[in-house]
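Examining the three-dimensional arrangement
One-letter residues, chain by chain:
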Amino acid sequence: MQLPGRSRLLLLLLLRAGGLRAGERSSSAMEEIATEKEAEESHRQDSVSLLTFILLLTLTILTIWLFKHRRVRFLHETGLAMIYGLIVGVILRYGSPSSSGHDKPFSCSQEDRPFTTLLVNVSGKFFEYTLKGEISPGKIHNVEQNDMLRKVTFDPEVFFNILLPPIIFHAGYSLKKRHFFRNLGSILAYAFLGTAVSCFIIGNLMYGVVKLMKLVGQLSDKFYYTDCLLFGAVISATDPVTVLAIFNDLHADVDLYALLFGESVLNDAVAIVLSSSIVAYQPTGENTHAFDAAAFFKSVGVFLGIFSGSFMMGAVTGVVTALISFLFTKLHCFPLLETALFFLMSWSTFLLAEACGFTGVVAVLFCGITQAHYTYNNLSVESRSRTKQLFEVLHFLAENFIFSYMGLALFTFQKHIFSPIFIIGAFIAIFLGRAAHIYPLSFFLNLGRRHKISWNFQHMMMFSGLRGAMAFALAIRDTATYSHQMMFSTTLLIVFFTVWIIGGGTTPMLSWLNIRVGVDPDQDPPPNSERGNRTKQESAWLFRLWYSFDHNYLKPILTHSGPPLTTTLPSCCGLLARCLTTPQVYDNQEQLREEDSDFILNDGDLTLTYGDTTITANGSSGSRTATTSLDGRKTKSSSEEALEHDLGMGDNEVTSRGTRLVFPLEDNA
C-alpha cells in the first residue's frame, strides 16, 4: 500500500526523531559508563596512594626495630622515613606512565580575580571545578599529567588540620613539668627572644642575598623584603626530634634535655604566630612592601593578640574538659567513652582556635599542658593509660608520615624553584641566626643564673638547631607565588641536610663536648643540699606564686586531688568550701603530690633504714645513714612541700609504715 506524500513525510519525520532520541539515549548511556569508569579509576588511585604511605610507614617501623636492635644511632627514624619517601618519589616520577592530557586553557579576560569554584557548561551539562592555585604563563603547558602524582600530592590543610594537632598536643601532654619549670626563664628567653632575633637576622641576610641574585640576573620574579622576613620566621621553627631521641636513648644531661625540649615546644608556636604577623603587615600607600611604623606596630599587636588569645583558648578548653570529667564522675565506668571524649575535646581545641582566627598550634599545645595538669587526675586508671598511648601512637605515625611526604615531595611537587645562590645564602643565614640566638642570650641568662649554662651546653644547643615538620608545614601552606615556591624548595633541602647530617652527628658531638650521658631524663642526679637550695633559688618566683594558688584552690576545684578547700579557704567561706569539696579529695590528698612529681626512683637510689642499721637496695648494710637531723626544721605548707617535691628540691626521705626510704646525700665509696 502506498501512502500519500504528506503521510510519508510525516512518517519519515517521526522515524528520524525516534532515531535521534535513541541516539541521544545511547550517547547518554555511554557518557554515564565513561563517568563511572573514571570514578572507579579515581577511587583505585586514591587507594593506591594511601597504600603507598602505609607501606612506607610499615617499612620505616621495621627498619627502626632493626636499628634499635643493632643499636644504630647514626640515622634517626625520621631520616629513614625521608629516604624511603625519596625512593618512592623517584619511582612514581620516572616509573609510572603519564595519563592522557585533558587540560585545556580557557580565557576569562573579563574577570579581574580568580574564583574559588567554577560551574562550566559543557554541551548543556554543568560541571563544578575548584581552584587549585596559580600557574605561571611559562609553565602553562607543563602541568602535571600524571594522575598518580596528583593523588599523592596532599592539600596543605591536611598537614595543619590532621597531622600537626596530635604532634603538638603530645608535646604538651607529655611535658615533664619539673624540668620544664625549673628552666622556665631560660626556655622562654630562647623561645621568644631567640626566635625573634633569629627571624630578623635570617630575613635581613636573605634580603641581601635576593639583592645579589637580582644583580647577577638570577631573579626572574618579584621577591620582597616581607617575603625574606617570612622565610626567616618559617625556617626559625626548630625541630630537634632526632637529637632529643638520641638524648633519650643515651640518657643525656637532664638540664640540657629540658632546655632543648622546652625551646622546641614553644619555638614552633612562636614561629607560626610570627609568620602570621608578618603576613598581616600591610603598609598604607602605593608601596605595600615599604616600611611603615603604623603597620609594624599593628603586626606586633597582631602577634601579641593571636598568641595570648590562642593561649587562653587552649587553657580554657583544657579547664572545661577537666570540669566535664570532674562533674560526670560516672564516666569512670566507661573508659572507652571517657577516652573518646578526651580525644575529641583535645582535637576540637585546634579547630576552634583556627575557626576563630587564632593559631591552633598554640592553643592545642597549652591545652595539652592543661589536660596533663588537671584532666589527667580525673581520668580512670585505664583511661590514663589509653590517652597516653593513643597520643603517643598518633604522634609517632603523624611525624613519620610528614617526613615520608617530605622525601616524596622532592620529586612529586610541581613548582620547585632551586636557586644555588639562595640555597647557599640560606644555609649561611641559618648558621649565623642560630649563633645569634644561642650565644648572646646564654651570656645574659648566665648573669642571673646560679647554675650556669656551660659552653659545651651552648655548643650542643647551637648544633641541635634542626629543622623539621613545622618548617615544612609552614612552607608548603602557601606556594602560590615565585618567592614562596623558592622558599619551599630551599626549606625542603635544609630539612634534609639537618636531619641527615646534623642528626647523624649528635652522638659524636656529645662525646666531643664531654656532655654527661647515662642519666635518666625523667630523674635528677642524686640530690644534695647545695644543689637543692640553688635550684630552689633559681625557680621562677612567678611560677612559685602561681603554683601555690593552683595547689590550694584550682586543683581541689577542678580535680579530685589536692588539699580540701576547707583547709585552704578562710573560715568565713566554710559553706562554699564544703560545697566545692568532693569526698574523693579527702581520700586523695597525696594524689596530687605523687602524680605531679614525674619522679622515678632507681633501685640504686633507695636506702632502707631500720634504727641505726642501713640496708641499701643492692643488699649491703652498714651503720651509716644519709639522713639529716630533724631538729629545728621549719614546718612548710602543703603547697611549698608539693612544689619542692615536683621540682626535685624536697626532703630526701619518705616515711612509709615505719620504714624510711632515704636518698643518698653524697657518694659513698
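Named according to an unreviewed UniProt entry, the protein chain is Sodium/hydrogen exchanger originating from Chelydra serpentina. Taken directly from UniProt, the Sequence similarities (unreviewed entry) text for the protein chain runs: "Belongs to the monovalent cation:proton antiporter 1 (CPA1) transporter (TC 2.A.36) family."

1. Section: the overall build of the protein chain
Along the backbone of the protein chain there are 25 helices and seven strands. The buried share of the protein chain, taken over its 669 residues, is 45%. In the protein chain, of all internal contacts separated by at least 6 residues, the share reaching a separation of at least 24 is 80%.

2. Here we look at the pattern of salt bridges
It is possible for side chains of opposite charge to pair when their charged atoms get near one another. As enumerated under the stated definition, the model contains five salt bridges in all. The shortest N-O distance in the salt bridge between D253 and R516 comes to 2.6 Å. A residue pair is termed long-range when its members are at least 10 positions apart, and D253 in the loop between α8 (241-250) and α9 (254-279) and R516 in the loop between α18 (506-512) and α19 (529-538) qualify at 263 residues. Here D253 falls in the buried class, since its relative accessible area comes to 7%. Of the charged contacts, one joins E263 and R434 as a salt bridge, the two residues approaching to 3.0 Å between their closest N and O atoms. One end of the pair, E263, is in helix α9; the other, R434, is in helix α14 (residues 420-448), and 171 residues separate them in sequence. Here R434 falls in the buried class, since its relative accessible area comes to 3%. Each member of the salt-bridge network shares a partner with another, and the members are E157, E354 and R477.

3. Points about the packing of helix α4 (residues 156-173) against helix α12 (residues 360-378)
At a closest axis distance of 7 Å, the pairing of α4 and α12 adopts a crossing angle of 40°. Classified by the angle between their axes, α4 and α12 sit oblique to one another. Where α4 crosses over α12, the handedness of that crossing is right-handed. For the pair formed by α4 and α12, the contact residues are P165, I168, F169, G172 and Y173 on the first element and V361, V364, L365, C367, G368, I369, Q371, A372 and Y376 on the second. When grouped by side-chain class, the residues that make up the contact of α4 with α12 number eleven nonpolar, three polar and no charged.

4. Structural notes on a nonpolar patch on the surface
A cluster of nonpolar side chains, namely F200, F296, F297, V300 and L304, defines an oily patch on the protein surface of about 480 Å² accessible area. No other element matches helix α10 (residues 293-327), which puts four residues into the nonpolar patch. Tracing the chain through its elements places V300 in helix α10.

5. Quick notes on the environment of V241
Relative to the helices and strands, V241 resides in helix α8. Along the primary structure V241 and G465 are separated by 224 residues, whereas in three dimensions their C-alpha atoms are 10.0 Å apart. Excluding residues within four positions of it along the chain, V241 makes contact with H76, T78, E399 and F403.

6. A few points about the side chain of T339
Its place among the elements puts T339 in helix α11 (residues 335-355). The residues contacting T339, other than those within four sequence positions of it, are S383, R386, T387 and L390.

7. Examining helix α17 (residues 482-504)
Between its terminal C-alpha atoms α17 stretches 33 Å, which fits the 33 Å expected from 23 residues at 1.5 Å a residue. Bending of α17 peaks at approximately 25° at the position of T498.

8. A word on the pairing of strand β2 (residues 125-130)
The element β2 is barely covered by neighbouring structure, given that only zero of its six residues are classed as buried. Where strand β1 (residues 117-122) and β2 come together, six bridges link them in antiparallel fashion. Within β2, the position partnered with N121 by the bridge is F126.

9. Remarks on the side chain of R449
Note that R449 resides in the loop between α14 and α15 (455-463). Taking relative accessible area as the criterion, R449 reaches 13% and is therefore assigned buried. A distance of 3.5 Å separates the side chain of R449 from the side chain of N183, its partner in a polar contact. A distance of 2.9 Å separates a polar side-chain atom of R449 from the backbone oxygen of H451.

10. A look at unusual backbone geometry
Even without a glycine there, the phi angle at N514 is positive, about 55°. Among the residues examined, N514 registers a relative accessible area of 65% and is labelled exposed.

11. Considering the packing of helix α6 (residues 184-215) against α14
Contact geometry for α6 and α14: axes closest at 8 Å, N-to-C directions at 150°. With respect to each other, α6 and α14 are oriented roughly antiparallel. In this structure, α6 crosses over α14, and the sense of that crossing is right-handed.

Rules and cut-offs
- Residues numbered from 1 in each chain as written.
- Predicted model: local features only at pLDDT ≥ 70, side-chain atom pairs only at ≥ 80, totals over all residues.
- Heavy atoms only, no water.
- UniProt positions renumbered as here; feature names shortened; annotations may be inferred.
- Helix = DSSP H or I, 4+ residues; strand = E, 2+ residues; numbered from the N terminus.
- Buried < 20%, exposed > 50% of the residue type's maximum accessible area, 1.4 Å probe, protein only.
- Contact = heavy atoms within 4.5 Å.
- Salt bridge = Lys/Arg side-chain N within 4 Å of Asp/Glu carboxyl O.
- Axes fitted to C-alpha atoms, helices over the stretch in contact; angles between N-to-C directions.
- Parallel < 35°, antiparallel > 145°, perpendicular 65-115°, else oblique.
- Left-handed = near helix turned anticlockwise from the far one by under 90°.
- Nonpolar A, V, L, I, M, F, W, Y, C, P; charged D, E, K, R; others polar.
- Patch = residues over 30% accessible without salt bridge, like charges linked within 9 Å, V, L, I, M, F, W, Y side chains within 5 Å.
- Areas by Shrake-Rupley, 256 points an atom, 1.4 Å probe, with all protein chains shown as cover.
- Expected span 1.5 Å × (residues − 1).
- Bend = angle between axes of the 7 residues up to and from the residue.
- Pairing = 2+ DSSP bridges.
- Polar contact = N/O pair within 3.5 Å; in protein donor to acceptor, adjacent residues only side chain to side chain.

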